[in-house]
Amino acid sequence: MTTRTTSLDRALAANTWFVYAFFYLPILVLVVFSFNASTRVGIWRGFSTRWYGEVLRNPEVLDALKNSLIVAALSTVAATVIGTAAALAIDRYRFRGRRGLDGILYLPIIIPDVTMAVMMLLFFARAFALIDAAGPRFQLGIGSITLSHIAFNISFVAVVVRARLGQLDGSLEEAARDLYANSWQTFRRVTLPLILPGVLGGALLALTLSLDDVVVTAFVSGPGSTTLPVYVFGLVRRGVSPAINAISTIMLVASIGLVALSLVFQRGPKASRNTEMIKETT
Amino acid sequence: MTYAVELRGVSKRFGEVVAVESLDLAIDDGEFFSLLGPSGCGKTTTLRMIAGFEYPTEGSLAIHGTEMALQPPNQRPVNTVFQSYALFPHMTIAENVGFGLLMQKVAKSEISTRVDRALDMVQLSQRKGATPDKLSGGQQQRVALARALVNEPEVLLLDEPLGALDLKLRQQMQIELKELQERVGITFVYVTHDQEEALTMSDRIGVMSDGRLLQVGDATEIYERPTSRFVADFIGDINLLPAAITGPGVVTLAGTTPVSAPSAVAGNAANWLALRPEQLHLIRHDEIVPDDRNSISGTVNNRVYFGDSYYYVVATPVGALDVRQENRPGLALHDPGTSVHVWWHPDAAAMVLE
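All figures in this text were calculated on a predicted structure; none of them were measured in a lab.

S.K.: Go over the overall build of chain B, please, and point to the residues and values.
M.R.: Across its full length, chain B carries 8 helices and 20 strands. With the C-alpha coordinates aligned to their principal axes, the bounding extent of chain B is approximately 80 × 45 × 35 Å. Here chain B holds 354 residues, and 50% of them are scored as buried. Looking at chain B alone, contacts between residues at least 24 apart form 65% of all its contacts between residues at least 6 apart.

Structure (structure tokens):
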């Protein structure tokens, strides 16, 4: 049996290839040229890993990377705890203002980064003015960046955890209570193991978003407290160097890895493995 | 004497909605008690209040004489078998069954002995290392039973536990459940909307409607002597004929047709005469009705073959009557359109108040 290939089919196939090329060629070019021996971007002079070496020896890059990791780690942990708690509260309890809270919890996901950034900057300026009046001197830096990242990450964690909670059969928790578990035991032995894939998925998503963020961070960072993406952005303004390709490639690989890991967790690996993890941590 | 479960004036309201209305109920120790009713009648809410998942808005609830109305579920000597089984998917069968004992801080070695014994009881010892998703519906159901019974509760609560099983398995589990209850001697409170389940297994049945308990009695009382139109109508098929008591031992149907009243009639307030289709006999119009039997003449409207029986709809002056004739060799069939007599023993009927 043969299928006739019409011109429409061919056009659709071509379009598909075009779309993929449009997406991935720039990334491919970036990665390839990060291994370019030439000092000039765009002229291939042979394979070399010199830019990776140069980047990893640059104290400014290392400092920015260190800041990025600190901010990412702190904001991920805080946002995961707060986001999971918020998801549980909205899913479980009927309290005054629940619907309103449910609605605005996801606002940070849809409002533009720039708006978020300006809001944060204004907030910190106002807050610092108030605190400074009382004595201590605060300024923009790692602290303000971390707080901002926590603020936008809570929403993402809450969304992922709530999706998982939505699939959870409420009678499982009742069964635990019925079988003499108190509230805490019910949470630790039944609820948490069952929503753990969502919690870990949300945490990895938060980590990725924190590591990638430029706009919000650029607004709320202070002198000498830049993160890696913001540093790269600054470099670009002074002209594109092959070193940027190398940094970008490193970040690209890290991001893809984290997102992939997040998807794996959200798909839900074997539940029993999660229990093992819980058992080990307690 | 103290009851296994005793509810006094228990009401439950969810906002404006009244789920259970001033319920009085006493369940004996060792009894298999069923709460029967359509969905939304309050039977599950009643069970959940005994379990502790809901707290009564009003009234008292005692388990073996101890007031429990406001105790959390983990502090009550009862266990529940859930409709969805609610087995923990991230634990093995043995871990599921041992969960209650673990929470009660029973020694590890004793947990393992008791879990083994409980799994033996439901014939699932070989599957103790499996996770629930590897088990069939019937097996999951048995694990849920073992998980509850291993704790030796004073009362076992069952919320439509057979609802998700197919017919054959359900009938088999009905027999197993009843045998199990007699063997362990624990009080069972069983919630179901399936009247057959309630009739076959229960020592007593409480029929609920709209948050109220309408009648409590054993299977024969509920089936043969319903006290309300709802109970008569809900349990099995029934013909309800408008009726009034018009003299000693006389009931007038539809204001026109006097017949003999059932001998058990007390008082003279009744609005309906209830007749089960299988209690009615059908003969040709030229055949003779036996002595001391009530009869009404009519015309066959319809005949339906059910395999084990024939169902007739007979039009009579007092209304349409459903008649069931057991299918056996030599049964005379009546074609639609033929004139017939429908007759019954006076005591086969029940007088029912609205």
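S.K.: Requested: an account of the interface of chain B and chain A, with residues and values cited.
M.R.: Across the boundary between the two partners, chain B contributes 26 residues, which contact 21 residues of chain A. Each partner contributes to the roughly 2,100 Å² buried at the junction of chain B and chain A, and carbon and sulfur atoms together form 60% of this total. Of all residues in chain B, Asn74, His90 and Met103 of chain B bury the most surface against chain A, accounting for 32% of the area lost on that side. At the boundary of chain B and chain A, one finds 1 salt bridge. The partner of Arg48 of chain B in a salt bridge is Glu174 of chain A, with the nearest N and O atoms 2.6 Å apart.

S.K.: Summarise a nonpolar patch on the surface; cite the residues concerned and give the values.
M.R.: All names here are of chain A. On the surface, Tyr93, Phe95, Leu101, Ile104, Leu107, Ile109, Ile110 and Val159 cluster together into a nonpolar patch covering about 730 Å² of accessible area. Of all the secondary structure elements, the ones that give two or more residues to the nonpolar patch are helix H4 (98-105) and helix H5 (107-110). One can find Val159 in helix H7 (residues 142-166). With a relative accessible area of 33%, Val159 lands in the partly exposed category.

S.K.: Outline the domain arrangement of chain B, listing residues and values.
M.R.: All names here are of chain B. As far as domains go, chain B holds domain 1 (5-229) and domain 2 (237-352). Each of domain 1 and domain 2 was reduced to a C-alpha centroid, and the two centroids are 39 Å apart. Domain 1 puts 8 residues into the contact, and the matching count from domain 2 is 7 residues. Summed over the three residues of domain 1 that lose the most area to domain 2, namely Tyr223, Pro226 and Arg229, the buried surface amounts to 79% of that side. The interface formed by domain 1 and domain 2 contains 2 residue pairs in polar contact (both at pLDDT 80 or more). For the side of domain 1 that touches domain 2, the leading source of residues is helix H7 (residues 219-224), giving 3 residues. In terms of residue class, the side of domain 1 that touches domain 2 is built from 3 nonpolar, 2 polar and 3 charged.

S.K.: For the nonpolar core, give the residues involved together with the corresponding values.
M.R.: In globular proteins that are soluble, nonpolar side chains generally tend to be buried together. Counting 57 residues, the largest nonpolar core has Phe88 and Phe99 of chain B as its most contacted members. When residues in this core are grouped by element, the largest group, 7 residues, is from helix H9 (residues 183-212) of chain A. Aside from chain neighbours lying at most four places away, what touches Phe99 of chain B is Ala176, Leu179, Ala181, Arg189 and Val190 of chain A together with Phe88 and Met91 of chain B. Membership of the second largest hydrophobic core comes to 35 residues, among which are Val106, Ala130, Ile186 and Met201 of chain B.

S.K.: Describe the sheet that holds strand S5 (residues 66-67) of chain B, with residues and values.
M.R.: Residue and element names in this part refer to chain B. Taken together, 4 strands build an open sheet; the order of strands is S2-S1-S4-S5 and the sheet is antiparallel. Strands with a single pairing partner mark the edges of an open sheet, and in this sheet they are strand S2 (17-27) and S5. As paired elements, strand S1 (residues 5-14) and S2 share 7 bridges and run antiparallel to each other. Residue pairing across strands places Arg13 opposite Val18, the latter belonging to S2. Running at roughly 115° to S1, helix H1 (residues 43-51) makes contact with S1, S2 and strand S4 (58-63) of the sheet.

S.K.: Outline the packing of aromatic side chains, supporting the account with residue identities and numerical values.
M.R.: Aromatic rings in a pair are described by how distant their centres are and how their planes are angled relative to each other. Residue and element names in this part refer to chain A. Taken as a whole and judged by the stated rule, the model has 16 aromatic pairs over all chains. Between Trp184 and Phe187, the aromatic rings sit 6.0 Å apart at their centres with planes inclined by 35°, giving tilted as the arrangement. In this pair, Trp184 and Phe187 are both assigned in helix H9, 3 residues apart and thus about one turn of the helix distant. With relative accessibility at 55%, the residue Trp184 sits in the exposed group.

S.K.: Describe the pairing of strand S10 (residues 212-217) of chain B, with residues and values.
M.R.: Two faces belong to every sheet, and in a regular strand the side chains alternate between them. Sheet topology note: the strand S9 (residues 204-209) of chain B/S10 of chain B ladder contains 5 bridges and is antiparallel. Among the inter-strand pairings, Met208 of chain B is bridged to a residue of S10 of chain B, identified as Leu213 of chain B.

S.K.: Explain the side chain of Ser155 of chain A to me, and be specific about the residues and the numbers.
M.R.: With respect to the helices and strands, the residue Ser155 of chain A is situated in helix H7. Leaving out residues up to four positions away in the same chain, Ser155 of chain A has contacts with Leu105, Tyr106, Pro108 and Ile109 of chain A.

S.K.: Before we move on, can you summarise the packing of helix H2 (residues 93-103) of chain B against helix H4 (residues 137-149) of chain B with the specific residues and values?
M.R.: Residues and elements named next belong to chain B. As a packed pair, H2 and H4 sit with axes 7 Å apart at the nearest point and diverge in direction by 30°. Here H2 lies roughly parallel to H4, going by the angle between them. As for how H2 packs across H4, the hand of that crossing is right-handed. When H2 is examined against H4, the residues Ile93, Asn96 and Val97 are found in contact with a partner set consisting of Val143, Ala146 and Arg147. When the residues that make up the contact of H2 with H4 are grouped by side-chain class, the tally is 4 nonpolar, 1 polar and 1 charged.

S.K.: So what's going on with the confidence of the model for chain A? Residues and values would help.
M.R.: Residue and element names in this part refer to chain A. With 93% of its residues at a pLDDT of 70 or more, chain A shows a mean pLDDT of 85. Looking over chain A, one finds the lowest element-wise mean pLDDT in helix H13 (residues 271-281), namely 42, and the highest in helix H8 (residues 170-178), namely 94. Predicted confidence is poor over residues 269-282, with pLDDT under 50, and the contacts of this stretch with residues over four places away or in other chains come to 16 contacts.

Procedures and definitions
- Residues numbered from 1 in each chain as written.
- Chains lettered and ligands numbered in written order.
- Predicted model: local features only at pLDDT ≥ 70, side-chain atom pairs only at ≥ 80, totals over all residues.
- Heavy atoms only, no water.
- Helix = DSSP H or I, 4+ residues; strand = E, 2+ residues; numbered from the N terminus.
- Buried < 20%, exposed > 50% of the residue type's maximum accessible area, 1.4 Å probe, protein only.
- Contact = heavy atoms within 4.5 Å.
- Buried area = accessible area lost by both parts, 1.4 Å probe.
- Salt bridge = Lys/Arg side-chain N within 4 Å of Asp/Glu carboxyl O.
- Patch = residues over 30% accessible without salt bridge, like charges linked within 9 Å, V, L, I, M, F, W, Y side chains within 5 Å.
- Areas by Shrake-Rupley, 256 points an atom, 1.4 Å probe, with all protein chains shown as cover.
- Domains from an automatic or database assignment.
- Polar contact = N/O pair within 3.5 Å; in protein donor to acceptor, adjacent residues only side chain to side chain.
- Nonpolar A, V, L, I, M, F, W, Y, C, P; charged D, E, K, R; others polar.
- Core = buried A, V, L, I, M, F, W, Y, C linked by side-chain atoms within 4.5 Å.
- Pairing = 2+ DSSP bridges.
- Axes fitted to C-alpha atoms, helices over the stretch in contact; angles between N-to-C directions.
- Phe/Tyr/Trp six-rings, centres within 6.5 Å; stacked < 30°, edge-to-face > 60°.
- Parallel < 35°, antiparallel > 145°, perpendicular 65-115°, else oblique.
- Left-handed = near helix turned anticlockwise from the far one by under 90°.
- pLDDT = per-residue confidence, 0-100.

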